[in-house]
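A structural walkthrough
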Amino acid sequence: MIYRVVIRNTKKTFPSSFALNELLTAERNTKHYDYRIKKFIYKPNKVKKDGEEICQKCIRNQLKGVKITKPIRCTYFIYVPNKEHDRSNVYAGVEKIFLDSLQNEKVIHSDGHNYVLDSIFYTEVDRLNPRVEIEIEEIDLDGENYV
């Protein structure tokens, strides 16, 4: 079975805003000193949280009630608004946020090695309609059920 999810956002920087550089920079900038407990703590990563909210909303609307019990292979068609970021950074950020969102929405049991077998990425520039289209393919491995 193949499922399809399209993630759109009104911000013209999407999906480049999910690039790995942005996720890591936001993570580094969330550290602050808490005077009450006398140590540095990290605030939740707002970039990742915002990305997950967008993805989870799309997953809820487009994969209503789907529970995948077999391993999957994801094919990502990423339409970026510009060539600002390296492809590999965009791939890593989009994949991380999407797989975590699938897991949070309980569509997949885990995004671990045995559950997500492979990912394939394609990139194009679409200034007017930046988006990510993902095809999720269930892979039958000799009838085993992984959940």
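Residues numbered from 1 in each chain as written. Predicted model: local features only at pLDDT ≥ 70, side-chain atom pairs only at ≥ 80, totals over all residues. Heavy atoms only, no water.

In this section: the side chain of Glu138. By secondary structure assignment, the location of Glu138 is in strand 6 (residues 131–138). Of the buried charged residues, Glu138 lacks a salt bridge, with Lys70 as the closest side chain of opposite charge at 5.3 Å. Filtering out sequence-adjacent residues up to four positions away, Glu138 remains in contact with Met1, Tyr3, Ile68, Thr69, Lys70, Pro71 and Ile72. (Helix = DSSP H or I, 4+ residues; strand = E, 2+ residues; numbered from the N terminus. Buried < 20%, exposed > 50% of the residue type's maximum accessible area, 1.4 Å probe, protein only. Lys, Arg positive; Asp, Glu negative; His and termini not counted. Salt bridge = Lys/Arg side-chain N within 4 Å of Asp/Glu carboxyl O. Contact = heavy atoms within 4.5 Å.)

It is worth spelling out the packing of helix 2 (residues 46–62) against helix 3 (residues 87–104) at this point. Geometrically, a packed helix pair is captured by the angle between its two axes and the distance between the axes. The interhelical angle for the contact between helix 2 and helix 3, taken along N-to-C directions, is 55°, at an axis separation of 9 Å. In terms of orientation, helix 2 and helix 3 fall into the oblique class. In the crossing of helix 2 with helix 3, the sense of the turn from one axis to the other is right-handed. Together, Lys48, Gly51, Glu52, Cys55, Gln56 and Ile59 of helix 2 and Lys96, Ile97, Phe98, Asp100, Ser101, Leu102 and Asn104 of helix 3 make up the contact between the two elements. Of the residues contributing to the contact of helix 2 with helix 3, the split by class is five nonpolar, four polar and four charged. (Axes fitted to C-alpha atoms, helices over the stretch in contact; angles between N-to-C directions. Parallel < 35°, antiparallel > 145°, perpendicular 65-115°, else oblique. Left-handed = near helix turned anticlockwise from the far one by under 90°. Nonpolar A, V, L, I, M, F, W, Y, C, P; charged D, E, K, R; others polar.)

Positionally, Asn82 belongs in the loop between strand 4 (72–80) and helix 3. Separated by 42 residues in sequence, Asn82 and Glu124 have C-alpha atoms that sit 9.0 Å apart. Within the local environment of Asn82, its side chain forms a polar contact with the backbone nitrogen of Glu84, the two atoms lying 3.0 Å apart. (Polar contact = N/O pair within 3.5 Å; in protein donor to acceptor, adjacent residues only side chain to side chain.)

Next up on the list: the nonpolar core. In a soluble, globular protein the nonpolar side chains are often hidden away together inside. The biggest cluster of nonpolar side chains holds 28 residues, and the ones touching the most others in it are Ile7, Leu63, Tyr76, Phe98, Leu102 and Ile136. Contributions of two or more residues to this core are made by strand 1 (2–8), helix 2, strand 4, helix 3 and strand 6. Per-element accounting of this core gives the leading share, seven residues, to helix 3. Residues within four places of Phe98 in sequence aside, it is in contact with Val5, Ile7, Cys55, Ile59, Tyr76, Ile134 and Ile136. (Core = buried A, V, L, I, M, F, W, Y, C linked by side-chain atoms within 4.5 Å.)

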